[in-house]
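Fold and geometry: a report
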Amino acid sequence: MITLSNISFKWHKKALSNTLNIPYLSINKGEHVFLHGPSGCGKSTLLSLLAGINSPTSGELTILGKSLQMLTKAKRDAFRADNIGYIFQNFNLLPYLTPIENVVLGCQFSTSRKRNALKHASSLEQQAAHLLNALGLDTNLHYSNAADLSIGQQQRVAAARAFIGSPAIIIADEPTSALDTDNRQHFINLLFEQAKNSNSTLVFVSHDNSLQPLFNRSINLVTLQDKL
Amino acid sequence: MILAKLAFKSLLNRRASVCLTLLTIAISVMLLLSIERIRLDAKSSFSNTISGTDLIVGARTGDIQLLLSSVFRIGHANNGISWESYNYIKNQRGVKWTIPISLGDSHKGNAVLGTSPDYFTYYRYAKKQNLRFVAGQAFKHINDVVLGNEVATKLGYKLGDSIVISHGMGNTSFHHHKDNPFTVVGILAPTGTPVDKTLHIPLGAIDLIHASHSRHASSAHDEHDEHDEHDEHDEHDEHDEHDEHDEHDEHDEHDEHDEQNNALIGQPKQITAFLMGFNSPLYTLQMRRNINQYKPEALLAIMPAVTLKELWEMLTIVEKVLLLFSAVVVLISLLGMLTTLLANLNQRRRELAILRSVGAKPWHIFTLMSIESLFITLLGCIVGCIWFYVLMLTSATYLQTHAGISINITSLSYYELTLIAIIMGSGFIIGLIPATRAYFYSLTDGMSIKV
Ligand SMILES: Nc1ncnc2c1ncn2[C@@H]1O[C@H](COP(=O)(O)OP(=O)(O)OP(=O)(O)O)[C@@H](O)[C@H]1O
Ligand SMILES: [Mg+2]
């Protein structure tokens, strides 16, 4: 599903040491992976490689059978639009769109995801509303001002956006760090539920090791690289 | 499509700053269009001042000076044309009509023009339009006056009113005399030309004013009460003439007409200038050369259309400065847009990262930003055009009465549309700067949020 072999990455060509050095990593379809490590160890950097924003300096990165570094930048953008749902730490939403529009935005740049979304509903908005309900956002908030939502609510909208059109991979970069403990648990459970529903692979980054037991696989990025 | 929608919603979200930017663009567009419209209409009003006249003949000065004094009543022609020369030229072959004019007097700051009744038949302005009367008719008696429209409306004169006309130019004349009250017999329709500010009296009456003036002057020096006698004499003369008319009346109408004309014209020693029209325009050049080489007197003949153009060309520097100013205002407003877009851009890097995360390509970001600036300029231009029309509608009468510029409220001309297209184009090009910036932000930032 996701395979990295001998991946190295540096932000600048002239940088002395690599930011990332991953001899091997494989993630299977449907796995819920908890990726952790100290701040600055390169977690977000790894995610940017998986999302096709950056290309590894060397090594081979294969996702869904496609070798990402072989693709052009534009193809990688299209690949991301089709296959990856992304959740940021916070401020996930465009403030000038309603929650529904924010969710629909998730499949605006991909025809395949639009098609997927329309398998379950007659319109994109309807599917968006369905996902928001499933993630526990009250219907009366669906058309409210996105900027007025609480952070917890915003993260639910972000999750719904990541899930719309059932992309193969959901990447979440510390999506719960702005939430309190109760909300965190609840949010992760909702994520799992949706991931199961759409049969998506989940790569979840967090500092918070207390969340680790919830996942069926945990990867420490530092030890992963130490094996070198 | 999605990009246009995003751009629109994003602009709506920032409506305060967007509105300000839009406002400045709209104002600058309005200003540019108004200045250009007024400039062009001023130009056409200007060249509409006189038409259908083939030559203007006066004493030898500069072309423009003659035009200014005879048509615009600006400046003062010191020399005149002798009555003999006028009569000689008038009787040349091909001459269809002549209008003698005598200037130099004023009434409450308005020019007084002594002329023949032919003036009301042959004088043309704009697109060969005749003078029209809104009330009354042309002068028939030596003490009749026909008012330009503005004179009548400004000074509140009606038909039948008595007016005292004094000798000399200027608002306050020392020689206010009740000797020569004129009766208003006609009021002309507005023309948007200096005719509106002119009082027309028979050419013969000019001499009367001057005679009364010289009498006055001499009486100031001399204690003799000579002028009373003269007055009586003058009146007597007039009566005589009238009597003559009455007699002739019964004989021949045509004769009577000529007689009356002759009485109105009198026998002035000299006139300021005269306008002439030919049976065919082919005579114009030949006649002009002849007049300019006329031996007995130093004369100058000008073709008004040509000289008007020369005069306007002298004013082109003013034109160009105006155009430059309005162009600079537009540029500043567009730079204002650039500033706001760039200032906003830094705060919007998060937005760009979010868009990238859902699969937007860098060029999507670029397009999004370009659409925004294009949208602002487009809306600015539309609002500016609306304001321009509102401004023109509200100020048309003011410009007509105070500047003599008749504004045509017509749809946007090809030229004005070109101006707007240029503004749109510049707005678009200027908008490419923040768009390019956003493009590179989205390339370097990727999805990492930097705020
Ligand atoms: N856009 C960038 N350009 C250059 N260097 C970068 C960039 N982003 C990150 N880095 C560097 O890469 C290294 C790894 O950063 P990264 O953000 O991946 O860490 P992280 O594990 O996500 O940390 P955190 O837990 O604090 O989010 C850091 O040393 C950082 O300075
Ligand atoms: Mg990080």
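See above for the structure.
For the structure given in this document, a descriptive report is provided here. The shown structure was predicted, so the numbers you read here are calculated from the model rather than taken from an experiment. (Residues numbered from 1 in each chain as written. Chains lettered and ligands numbered in written order. Predicted model: local features only at pLDDT ≥ 70, side-chain atom pairs only at ≥ 80, totals over all residues. Heavy atoms only, no water.)

What follows deals with the interface of chain B and chain A. Contact residues are listed per partner, giving 24 residues for chain B and 24 residues for chain A. For the pair chain B and chain A, the summed buried area comes to about 2,200 Å², and 68% of that belongs to carbon and sulfur atoms. The largest contributions to the chain B side of the interface with chain A come from I354(B), V358(B) and M447(B), which together make up 28% of the buried area. Our enumeration of links across chain B and chain A arrives at 2 salt bridges. Among the salt bridges present, the one from K9(B) reaches E101(A), with a minimum N-O distance of 2.1 Å. Remark: the boundary between chain B and chain A carries 4 residue pairs in polar contact (both at pLDDT 80 or more). (Contact = heavy atoms within 4.5 Å. Buried area = accessible area lost by both parts, 1.4 Å probe. Salt bridge = Lys/Arg side-chain N within 4 Å of Asp/Glu carboxyl O. Polar contact = N/O pair within 3.5 Å; in protein donor to acceptor, adjacent residues only side chain to side chain.)

Before going further, it helps to examine helix α11 (residues 304-314) of chain B. Residues and elements named next belong to chain B. Among the residues of α11, those classed as buried are P304, T307, L308, L311 and W312. Looking down the long axis of α11, one finds its buried residues gathered within 140° of arc, a one-sided arrangement. Facing away from the buried side of α11, by more than 90 degrees, are the exposed residues A305 and K309. Contacts made by the buried residues of α11 are with α2 (15-47), β1 (55-59), α3 (63-71), β14 (299-302) and α12 (316-347). (Buried < 20%, exposed > 50% of the residue type's maximum accessible area, 1.4 Å probe, protein only. Helix = DSSP H or I, 4+ residues; strand = E, 2+ residues; numbered from the N terminus. Arc of directions from axis to C-beta.)

A few words on the layout of surface pockets. In this structure, the largest pocket occupies an estimated 870 Å³ of space. For the lining of the largest pocket, the elements supplying multiple residues, two or more each, are α1 (43-50) and α2 (73-83) of chain A together with α13 (349-357) and α15 (414-445) of chain B. Considering every element that reaches the lining of the largest pocket, the biggest residue donor is α1(A), with 4 residues. Class assignment of the residues belonging to the lining of the largest pocket gives a composition of 11 nonpolar, 15 polar and 10 charged. (1 Å grid on protein atoms, 1.4 Å probe; cavity = no way out; pocket = protein on both sides within 12 Å on 5 of 7 lines; lining within 4 Å. Points joined across faces, edges and corners; volume = space filled by probe spheres on them. Nonpolar A, V, L, I, M, F, W, Y, C, P; charged D, E, K, R; others polar.)

Neighbouring ligand 1 are 14 residues, the closest being S39(A), G40(A), K43(A), S44(A) and T45(A). In this structure, ligand 1 is bordered by residues of chains A and B. Between ligand 1 and C41(A) there is a distance of 3.3 Å, counted from an oxygen atom to a backbone nitrogen or oxygen. Taking 630 Å² as the accessible area of ligand 1 by itself, protein coverage stands at 65%. With respect to the detected pockets, ligand 1 is housed in the largest pocket. Its residues assigned to classes, the shell around ligand 1 shows 3 nonpolar, 8 polar and 3 charged. (Near = heavy atom within 4 Å. Areas by Shrake-Rupley, 256 points an atom, 1.4 Å probe, with all protein chains shown as cover. Sits in = over half its atoms within 2 Å of the grid points.)

With that settled, the discussion passes to the side chain of S28(B). Turning to its location among the elements, S28(B) is positioned in helix α2. Setting aside residues no more than four positions away along its own chain, S28(B) makes contact with V329(B), V330(B) and S333(B).

Taken as a class, soluble globular proteins show a tendency for nonpolar side chains to be buried jointly. If you look at the biggest cluster of nonpolar residues, it comprises 57 residues, and the most contacted ones within it are L4(A), I22(A), L50(A), L105(A), I171(A) and L6(B). Here L6(B) is in contact with L94(A), Y96(A), L97(A), L105(A), L355(B) and L368(B), once residues within four sequence places are set aside. Counting residues in hydrophobic clusters, the runner-up holds 37 residues, among them I100(A), I164(A), I170(A) and L179(A). (Core = buried A, V, L, I, M, F, W, Y, C linked by side-chain atoms within 4.5 Å.)

Bringing empty space enclosed by the protein into the picture now. Under the definition given, this model contains 5 cavities of 30 Å³ or more. Counted as a void, the largest cavity has a volume near 60 Å³. Around the largest cavity, the lining residues are L97(A), E101(A), V104(A), L105(A), Q108(A), E125(A), I2(B), K5(B) and L6(B). Listed by contribution, the elements that provide at least two residues to the lining of the largest cavity are α3 (99-105) of chain A together with α1 (2-13) of chain B.

Right, let's get into the pattern of salt bridges. With the rule as written, the count across this model stands at 12 salt bridges over all chains. Between R80(A) and D77(A) there is a salt bridge, with the nearest N and O atoms lying 2.6 Å from each other. Here the residue R80(A) and the residue D77(A) both occupy positions in helix α2, the gap between them amounting to 3 residues, near one helical turn. By relative accessible area, which is 3% here, D77(A) ends up buried. The salt bridge involving R39(B) is made with E319(B); its shortest N-O contact spans 2.0 Å. With R39(B) in helix α2 and E319(B) in helix α12, the pair connects residues that are 280 residues apart, well separated along the chain. Taken together, the shared-partner salt bridges in this structure form one network comprising R14(B), R348(B), E351(B) and E372(B).

Let us now look at the packing of α12(B) against α15(B). Packed helices, taken two at a time, are described by the angle between their axes plus the distance between the axes. Residues and elements named next belong to chain B. One can describe the packing of α12 onto α15 by two numbers: an axis separation of 10 Å at closest approach and a directional angle of 25°. Viewed along their axes, α12 and α15 adopt a mutual orientation that is roughly parallel. Crossing hand, α12 versus α15: right-handed. Of the residues in α15, those touching α12 at L323, V330, L334, L335, M337, L338, L341, L342, L345 and N346 are Y415, I423, S426, G427, I430, I433, P434, R437, A438 and Y441. Here the contact of α12 with α15 is composed, by residue class, of 16 nonpolar, 3 polar and 1 charged. (Axes fitted to C-alpha atoms, helices over the stretch in contact; angles between N-to-C directions. Parallel < 35°, antiparallel > 145°, perpendicular 65-115°, else oblique. Left-handed = near helix turned anticlockwise from the far one by under 90°.)

Attention now goes to a nonpolar patch on the surface. Nonpolar side chains collect at one region of the surface, where I317(B), V318(B), V321(B), L322(B) and F325(B) lie side by side and expose about 460 Å² of accessible area between them. Relative to the assigned elements, V321(B) resides in helix α12. (Patch = residues over 30% accessible without salt bridge, like charges linked within 9 Å, V, L, I, M, F, W, Y side chains within 5 Å.)

This paragraph deals with the sheet that holds strand β9 (residues 217-220) of chain A. Residues and elements named next belong to chain A. The parallel open sheet is built from 5 strands, whose spatial order is β6-β7-β8-β3-β9. Sheet topology places β6 (84-87) and β9 at the edges, where each strand pairs with a single neighbour. On average, each strand axis in the sheet is inclined to that of its neighbour by 15°, with strand direction left out of account. Where α2 meets the sheet, its contacts fall on β6 and β7 (169-173), and the angle it forms with β6 comes to roughly 80°. (Pairing = 2+ DSSP bridges.)

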